[in-house]
Amino acid sequence: MLFRLNVTLILAVLLLPGVKVSMVNLNNNGYDGIVIAINPSVPENEKLIQNIKEMVNEASTYLFHATKRRVYFRNVSILIPLTWKSKPEYLMPKQESYDQADVIVADPYLKYGEDPYTLQYGQCGEKGQYIHFTPNFLLTNNLLIYGPRGRVFVHEWAHLWWGIFDEYNVDQPFYISRRNTIEATRCSTHITGSNVIFEECKEGSCITRPCRRDSQTGLYEAKCRFIPEKSQTAKESIMFMQNLDSVIEFCTEETHNKEAPNLQNKMCNRRSTWDVIMDSHDFNNTSPMTGTNPPPFPTFSLLKTKQRVVCLVLDKSGSMSTEDRLSRMNRAAELYLIQIIEKGSFVGMVTFESFAKIQNNLTKITDDNDHQKITANLPQIASGGTSICSGLKAGFQAITQSEHSTSGSEIILLTDGEDNTISSCSEEVKQSGAIIHTIALGPSAAEELETLSNMTGGYRFYANKDINGLNDAFSRISSRSGTISQQAIQLESKALMITGGKWINGTVPVDSTIGNDTFFVITWTIQKPEILLQDPKGKKYKTSDFKEDKLNIHSARLQIPGIAETGTWTYSLLNNHANSQLLTVTVTSRARSPTTLPVIITAHMSQNTALYPNPMIVYARVSQGFLPVLGINVTATIETEDGQQVTLELWDNGAGADTVKNDGIYSRYFTDYHGNGRYSLKVHAQARKNMARLSLRRLQNKALYTPGYIENGKILLNPPRPELKDEVAEAEVEDFSRLTSGESFTVSGVPPGGHAHEFPPGKITDLIAKFKGEHIQLSWTAPGSSLDKGKADCYVIKISNFSLELQEDFDSASLVNTSNLIPKEAGKTEFFEFKPESFKIENGTEILIAIQAIHEANLTSEISNIAHVTKFIPQLESCVPALGIKISAISLPVWGLAVILSIF
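Residues numbered from 1 in each chain as written. Predicted model: local features only at pLDDT ≥ 70, side-chain atom pairs only at ≥ 80, totals over all residues. Heavy atoms only, no water.

(A) Quick look at the sheet that holds strand 6 (residues 103-105). Taken in spatial order, the six strands of this open sheet run 7-8-6-3-5-14, and their pairing is mixed. With one partner strand each, in any of the chains shown, strand 7 (117-119) and strand 14 (299-304) form the two edges of the open sheet. Neighbour to neighbour, the strand axes of the sheet diverge by 25° on average, direction disregarded. Inspection of the sheet shows strand 7 paired to strand 8 (residues 130-133) by three bridges, in the antiparallel sense. Residue pairing for strand 8: Tyr117 is matched across the bridge by His132. Contacts between helix 4 (residues 149-162) and the sheet are confined to strand 3 (34-38), strand 6, strand 7 and strand 8, with strand 8 contributing the most and set at about 150° to the helix. (Pairing = 2+ DSSP bridges. Helix = DSSP H or I, 4+ residues; strand = E, 2+ residues; numbered from the N terminus. Axes fitted to C-alpha atoms, helices over the stretch in contact; angles between N-to-C directions. Contact = heavy atoms within 4.5 Å.)

Spelled out as structure tokens, the structure:
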């Protein structure tokens with residue numbers, strides 16, 4: 001069975017698309033447009049709003065001083081969910097929505113997750129997805145654990161907005177420095193404390209002892225903890241322990257700890273956090289404020305989500321008669337109206353050519369009759385020119401004539417035509433407050449479409465040769481309110497060319513988290529096929545069970561009665577026609593119940609635009625609630641403007657384009673550019689043969705939980721939190737299938753007549769080293785010949801006693817003989833063992849290792865992460881004094897607690 005959560009605490013299932021269009025902008029040192037959204041499952045609580053305001057007020061002042069008087073928070077919107085009562089002070093939102101918010105307030109993933117964190121999986125300096133605070137964090141006193149909430153917000157804002165990373169490491173809390181001392185992984189090293197083991201805790205006190213060295217690693221034994229002094233003089237760093245009173249700055253080049261094995265050093269090539277921040281677009285265009293006065297407190301707007309309002313604005317110009325475009329549009333619009341749009345939504349429809357016509361004012365969708373009122377008016381004839389502004393204005397009119405506001409409403413604009421007059425209505429679009437989702441059909445669709453989406457925070461899609469492209473685009477445009485219990489989930493979208501008189505078979509898994517409102521849709525190009533569908537218990541559905549539409553658009557649909565059976569569904573299609581024809585299979589479903597957490601997938605590219613030959617990264621996030629799903633097959637299909645398709649297997653291995661291993665974010669470089677123009681993205685995730693699992697571990701990029709402090713020579717403990725034991729850190733996930741579209745992106749600068757460009761091998765980022773006797777064993781993930789594709793020709797391994805030599809003068813370091821090391825295919829694990837002949841190995845000898853991968857003489861990777869290895873010969877007495885102050889066994893007050901849980 002798929003892992004289930006008791007959703008008494010988590011009623012909402014969160015669909016958080018990867019593509020984010022933040023409304024934040026920086027003007028005259030102040031950030032405007034920040035959106036903090038409360039999930040619909042969170043109970044109404046005035047105190048929550050008040051505490052959010054207090055947190056942001058405090059954060060604004062802290063941020064202003066931390067950035068040396070450069071930036072502060074000026075205007076913030078708090079988005080109230082539809083589930084809360086209306087109040088006179090609540091305004092109507094415009095483009096603000098839950099799934100595009102900068103900060104979300106939602107219940108945690110499991111009971112282990114009160115830590116504030118930022119979903120962040122881009123490269124160094126790239127913005128994150130969102131900050132997640134739990135209601136409990138905002139409503140209870142966490143001062144001793146995380147410090148003031150305003151400081152925590154600044155810690156997370158730095159993740160989100162400037163793309164910097166944490167300076168601690170829960171998996172490697174200690175390392176051996178170049179001075180051959182064991183140091184806590186931190187920044188800066190000026191933060192003092194002690195390293196202790198909690199031996200026994202009972203009757204309100206604990207006994208500690210200094211940590212001992214592990215005879216295998218030379219580091220401290222497991223469960224050794226760094227406990228900071230409460231009173232510090234160090235001013236940095238906010239990305240390590242913002243909770244310390246003295247910490248008011250980010251680490252600079254002068255104070256940054258380049259040796260620490262943390263994510264900041266890994267992702268940013270050992271650059272300091274302040275260095276990365278100063279390179280951001282914000283700070284390139286901002287000078288410190290003059291004077292001595294602090295900035296004003298932020299202004300808050302309270303906005304309340306409204307019922308969903310959508311108007312379809314569909315092109316019926318003459319060019320839509322080519323390539324079956326009108327029928328394809330009608331099939332996709334019908335699928336959207338019947339299978340995708342959520343019950344209770346208001347939907348209208350406009351068609352346009354040289355002029356526009358309102359086909360339907362807003363209709364509330366409650367049953368099938370409501371769908372039919374709209375689908376009956378889908379256009380049957382294509383003619384005339386293309387006036388996109390006419391369509392948009394008629395769309396606004398259809399909304400207002402139904403006594404709804406355009407503010408916060410959505411328009412789905414589909415067109416295949418050119419129109420150079422779009423700019424004439426851009427101001428009206430801006431003033432409307434509506435969200436414009438655009439679908440460009442074919443290579444001639446107006447280039448300005450993306451401007452409309454970007455301006456209003458809407459999605460943008462591109463469809464061309466892929467016959468299912470329009471269906472997939474429409475399927476992606478679901479509610480952005482923060483709950484998916486009523487949102488459609490796409491399980492399958494497949495196109496099959498079938499020879500005349502032949503059968504073809506296929507399967508679709510329906511897992512136990514979905515099954516409500518399940519549809520199977522079959523389309524054809526010439527003649528309706530014979531259809532056989534069988535559920536997991538053997539019940540069969542035949543062609544006569546599939547309802548054919550009345551619009552002559554070659555489509556038949558079956559809605560499974562009640563809840564679809566869990567398991568593998570099998571379909572068989574017979575092409576009755578003598579000639580080959582293209583058949584498609586589309587399957588959608590919804591959550592089994594409002595309290596069920598289904599697996600979802602979201603996908604996007606690292607950028608909206610690419611300039612050849614710069615590579616892009618494909619990202620796909622697979623999750624159940626907030627929990628990452630691991631061990632599955634994730635494949636991206638990218639279609640170029642001329643109809644060519646590139647398929648990429650995405651990886652979650654922590655190497656190459658992937659930031660963190662096993663975080664449910666599957667990534668890969670994309671470099672196969674085939675001409676200029678729009679490209680589309682589709683991602684398919686499949687769990688097969690019971691290989692998938694759900695990770696219950698804490699996420700990266702979060703505020704560090706502090707178990708206690710040293711004050712006046714004693715350790716004062718903070719309240720413990722529940723810890724997840726290793727044996728229950730993962731749960732099995734049953735087989736499933738999910739499919740989603742990412743937004744389109746544009747490529748420019750590809751030379752005519754060719755697109756070949758060789759990239760160097762990717763940088764190795766996960767090099768690990770350890771001593772085995774007199775030899776050093778290395779392991780790493782193989783890069784490709786071109787970033788993460790193919791395989792390199794050879795490796796160059798260098799060793800040194802000095803990290804700067806490897807970083808700044810790699811060629812001068814000692815060379816390791818790798819003549820017998822043959823590179824593997826990208827993504828495979830490499831193992832290599834050697835004896836450092838040029839070094840005298842004795843107790844305490846430290847060796848640093850780095851690698852370059854080479855493909856041809858002029859294609860060399862960046863230098864890898866630097867692996868440290870220290871020869872440690874255990875002594876009879878291996879008790880090592882703690883850092884900072886020395887603590888022998890002492891009695892410690894524990895605030896009435898009888899247990900101590902581990903910090904990591």
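(B) Representation of the sheet that holds strand 28 (residues 567-574). In spatial order, the strands read 22-28-24-25; together these four strands make up an open sheet with antiparallel pairing. Each edge of the sheet is formed by a strand with only one pairing partner; in this case those strands are strand 22 (503-510) and strand 25 (540-542). Each neighbouring strand pair of the sheet contributes to a mean axis angle of 15°, computed without reference to strand direction.

(C) Spotlight on the packing of helix 9 (residues 325-340) against helix 10 (residues 368-375). Close contact between helix 9 and helix 10 brings their axes to 10 Å; oriented N to C, the two are set at 160°. In this view, helix 9 runs roughly antiparallel relative to helix 10, as classed from their interaxial angle. Here the hand of the crossing between helix 9 and helix 10 comes out right-handed. Judged by residue contacts, Glu334, Leu337 and Ile338 of helix 9 engage His371, Ile374 and Thr375 from helix 10. Tallied by class, residues from the contact of helix 9 with helix 10 come to three nonpolar, two polar and one charged. (Parallel < 35°, antiparallel > 145°, perpendicular 65-115°, else oblique. Left-handed = near helix turned anticlockwise from the far one by under 90°. Nonpolar A, V, L, I, M, F, W, Y, C, P; charged D, E, K, R; others polar.)

(D) Looking closely at the side chain of Glu96. Residue placement: Glu96 occurs in the loop between strand 5 (75-80) and strand 6. Put simply, Glu96 is tucked away with no salt bridge, and the nearest opposite charge, on Lys94, sits 7.6 Å away. There is a polar contact of 2.6 Å between the side chain of Glu96 and the backbone nitrogen of Lys94. Here Glu96 is in contact with Met23, Val35, Ser77, Leu79 and Leu303, once residues within four sequence places are set aside. (Buried < 20%, exposed > 50% of the residue type's maximum accessible area, 1.4 Å probe, protein only. Lys, Arg positive; Asp, Glu negative; His and termini not counted. Salt bridge = Lys/Arg side-chain N within 4 Å of Asp/Glu carboxyl O. Polar contact = N/O pair within 3.5 Å; in protein donor to acceptor, adjacent residues only side chain to side chain.)

(E) Examining the pairing of strand 20 (residues 460-463) more closely. Residue alternation in strand 20 divides its side chains into two sets, Arg460 and Tyr462 and Phe461 and Ala463, and both sets are buried. Relative to strand 20, strand 19 (residues 435-441) runs parallel, the two sharing four bridges. If you follow Ile439 over to strand 20, its bridge partner there is Phe461.

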